[in-house]
2 protein chains.
Amino acid sequence: MSSGSATCPEAHAIEPIFGEEMLQTVAALTPSVVSFHFGLLERSAIEILKETGAVILASATTVREAVALEAGGVDAVIAQGMEAGGHRGVFLDGIDLGAVGTFALVPQVVDAVQVPVIAAGGIADGRGIAAAFALGASGVQIGTAFLACLEALMHPLHRELLLQTPGEATQVTRNISRRPARAITNRYITEMNKSGTEPIAFPLQYSLSGPLNAASRKNNSTDLMVMWAGQDAALAEVMPAGELLNKLAKDAKAVLAKL
Amino acid sequence: MSSGSATCPEAHAIEPIFGEEMLQTVAALTPSVVSFHFGLLERSAIEILKETGAVILASATTVREAVALEAGGVDAVIAQGMEAGGHRGVFLDGIDLGAVGTFALVPQVVDAVQVPVIAAGGIADGRGIAAAFALGASGVQIGTAFLACLEALMHPLHRELLLQTPGEATQVTRNISRRPARAITNRYITEMNKSGTEPIAFPLQYSLSGPLNAASRKNNSTDLMVMWAGQDAALAEVMPAGELLNKLAKDAKAVLAKL
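Residues numbered from 1 in each chain as written. Chains lettered and ligands numbered in written order. Predicted model: local features only at pLDDT ≥ 70, side-chain atom pairs only at ≥ 80, totals over all residues.

1. A look at the overall build of chain A
Assigned secondary structure in chain A consists of 10 helices and eight strands. Along the first, second and third principal axes, the C-alpha atoms of chain A reach 50 × 50 × 35 Å. The proportion of buried residues among the 259 residues of chain A is 51%. Expressed as a percentage of contacts within chain A between residues at least 6 apart in sequence, the contacts between residues at least 24 apart total 61%. (Helix = DSSP H or I, 4+ residues; strand = E, 2+ residues; numbered from the N terminus. Buried ≥ 20, exposed ≤ 12 C-beta atoms within 10 Å, placed from the backbone. Contact = placed C-beta atoms within 7 Å.)

2. Thoughts on the pairing of strand E8 (residues 181-184) of chain A
The side chains of a regular strand alternate between the sheet's two faces. Residue and element names in this part refer to chain A. Where strand E4 (residues 86-87) and E8 come together, two bridges link them in antiparallel fashion. Within E8, the residue paired with His-87 across the bridge is Ala-181. Looking at chain direction, strand E7 (residues 170-173) and E8 are connected through four bridges and run antiparallel. Residue pairing across strands places Gln-171 opposite Ala-183, the latter belonging to E8. (Pairing = 2+ DSSP bridges.)

3. Examining the sheet that holds strand E5 (residues 117-120) of chain A
All names here are of chain A. Reading across the sheet, the five strands line up as E1-E2-E3-E5-E6 and stay open at both edges, with parallel pairing between neighbours. With one partner strand each, in any of the chains shown, strand E1 (33-36) and strand E6 (139-141) form the two edges of the open sheet. Sheet twist, expressed as the average angle between the axes of neighbouring strands with direction ignored, equals 25°. The sheet contact formed by strand E2 (residues 55-60) and strand E3 (residues 76-80) spans four bridges and is parallel. Of the residues in E3, the one forming a bridge with Ser-59 is Ile-78. (Axes fitted to C-alpha atoms, helices over the stretch in contact; angles between N-to-C directions.)

4. A short note on the domain arrangement of chain A
Residue and element names in this part refer to chain A. Domain annotation of chain A identifies domain 1 (20-145 + 239-258) and domain 2 (156-235). Centre-to-centre, using C-alpha coordinates, domain 1 lies 23 Å away from domain 2. Listed by contribution, the elements that provide at least two residues to the side of domain 1 that touches domain 2 are E4 and helix H6 (144-147). Residues of the side of domain 1 that touches domain 2, tallied by class, amount to seven nonpolar, seven polar and three charged. (Domains from an automatic or database assignment. Nonpolar A, V, L, I, M, F, W, Y, C, P; charged D, E, K, R; others polar.)

5. Side note on the relation of the copies chain B and chain A
For the pair chain B and chain A, the relating rotation is 180°, the translation along its axis is 0.0 Å, and the fit reaches an RMSD of 0.0 Å. Here the transformation between the copies is reduced to the relation of a two-fold axis. Among all residues of chain B, the one whose C-alpha sits closest to the rotation axis is Ala131(B), at a distance of 2.0 Å. A share of 100% of the interface residues of chain B reappears at the interface of chain A, consistent with the copies meeting face to face through the same patch. (Least-squares fit on C-alpha atoms with pLDDT ≥ 70 in both.)

6. Describing unusual backbone geometry
Cis peptide bonds are those with omega within 30 degrees of zero, and the linkage from Phe202(A) to Pro203(A) qualifies with -5°. Even without glycine at this site, Phe38(B) takes up a positive phi of about 70°. When you line up the elements, Phe38(B) lands in the loop between strand E1 (33-36) and helix H2 (43-51). One non-glycine residue, Asn220(B), lies in positive phi territory at about 50°. Inspection of the secondary structure assignment puts Asn220(B) in the loop between helix H9 (206-218) and helix H10 (241-258).

Here's what the structure looks like:
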C-alpha cells in the first residue's frame, strides 16, 4: 500500500492526504505491510499501524531521508535510486536537489541506518538483484519489470514502448502530477517542458494531465499518455507475474553462484 | 590517458582537440592503454594506436554510444553511469538527454556489445566492485575514491568537503567547461545557474571558470573552486593510493565470498 503525503520528525507535510479516516481504515484492514511514499506519518500513527502487526516501510531518496525514516519508526527503509520509474519518494531537502543513483545511494544508506535496506531503481533482472545484495541491501523492490507482465492493466502501446525504451528516453518530470516522477518522454512532456508552465499543486495537476491521458489512451496514441517507466524498462519481458517472480529468484541465485 | 573530442561512425566531432600531431605523439609513447572520453577517433587512427600494442578504451553513457564505440574498434567499453564525478563522456544523442544511472546502464550495455564492459560511476568500495561484477561488468573504473588519496593534488578544503558530501549535494553542471560534468555544488555553480548564462564553447568556458577557481584556491575558499566529485564521494577514505587499491581488492573479494 502506498500513501499520500505525511510527516516524520524532519519532514514537511505538504498535503494531508493520509488523514485520521485513512489511518483507521488501514488499521482495520490489518495488511501485512504498509509502505509509505512521500514521507511518513507521525510516530503516534505509525505505532497504531504497528500494533495491528503491520510491517512499516517507507522510501528514501537520500541518506538524510533514510535517517529521518528510521527515527520515525519504519521497520525497513526503501532506498529509491533515480533510475526508478514513477514517483520519486522525495520528501526532504527540496524536490529539485540532485537525484542520487541506486549504485551510490544503497551502500551509503546501509551505512547510515540500523534497519534493513530494500534497494529500488534500475533493478529488473537477476543481475540487478544480486548487485543490490552486493551493495548491502537485504531485499529489492521491483516496479517497471512487472509493468510488462500480462496481469498489469497496461495500454498495449505503453507495454510495447516499454520494451524498447532506453534509459535516456525516460525523464523525471513534474508535469504529470507536480511531484517528480519518471516516465517515457513523449509529446505531452516535451511540449509542457517547452511551455515553461509551472504545474499546479499535487495532486491537482492530474486534473490537467488525467483527461489528456484518458483521451490519448482511447485514441491509441502515446502522444499525451502517462507512461511510467524506469531506466531499466528495456530489460522487461512479457510473461505472467508469477512466472517472472520465479525467474527473478532463479536468475539471481544463478548470478550469485557464479560470482 | 584521456583525450579530447573525436569521431566514430555515428559521432559528431565537436572540437578537433586530438589531431594528427597528438595521434603521432601518443603512438610514439606506446602506452599500454589509450582511453578516450567524449567519443572516439576515426577507425584509421584507432588502427594506428592498436598497431603499437595499446588497448583501446572509451566511455559510453548510453547503450547507443556503447554500440557505436564497439563498431569504432574499442577493445572494451567503459559504461559511465550518471553517478560519476567529473565529465560525462556523452558524445551522441545530445548532451541534455536523460542521464542513465550505473545500475540501469551496465547490464543493458553488457547485453548490447560483445567486448568486455568496465563499469564506472558510484563505485568507491568493495561492495561497489562486487555489485558491478554481478551486473555483468568485467572490470571497474574508480575516480572519486582516489581523489581522497594522499598522492592526489587536491586542495585540502576540496578533500575535506569530499568526505562529507552526500550525493544530492553534487550536480551535473555545464558551467565549468560547457560539457556536462559532476562537481560539488558551491557558490559558483549556484550563481551561474541563477544567472541563466549560456556557457561558451568547450573548452573555452574554462577561461571564465579557471581564473575564478585559481583565485578561490589561493584564498582558501570553496566558493568558486572547481570540486569534481561523484555521488559516492562520502564513501572515500584518506590513505595512500597503493593501500586503497589493495583494500578495494581485498574488500571486493570479501563481499563476493559472503554472497
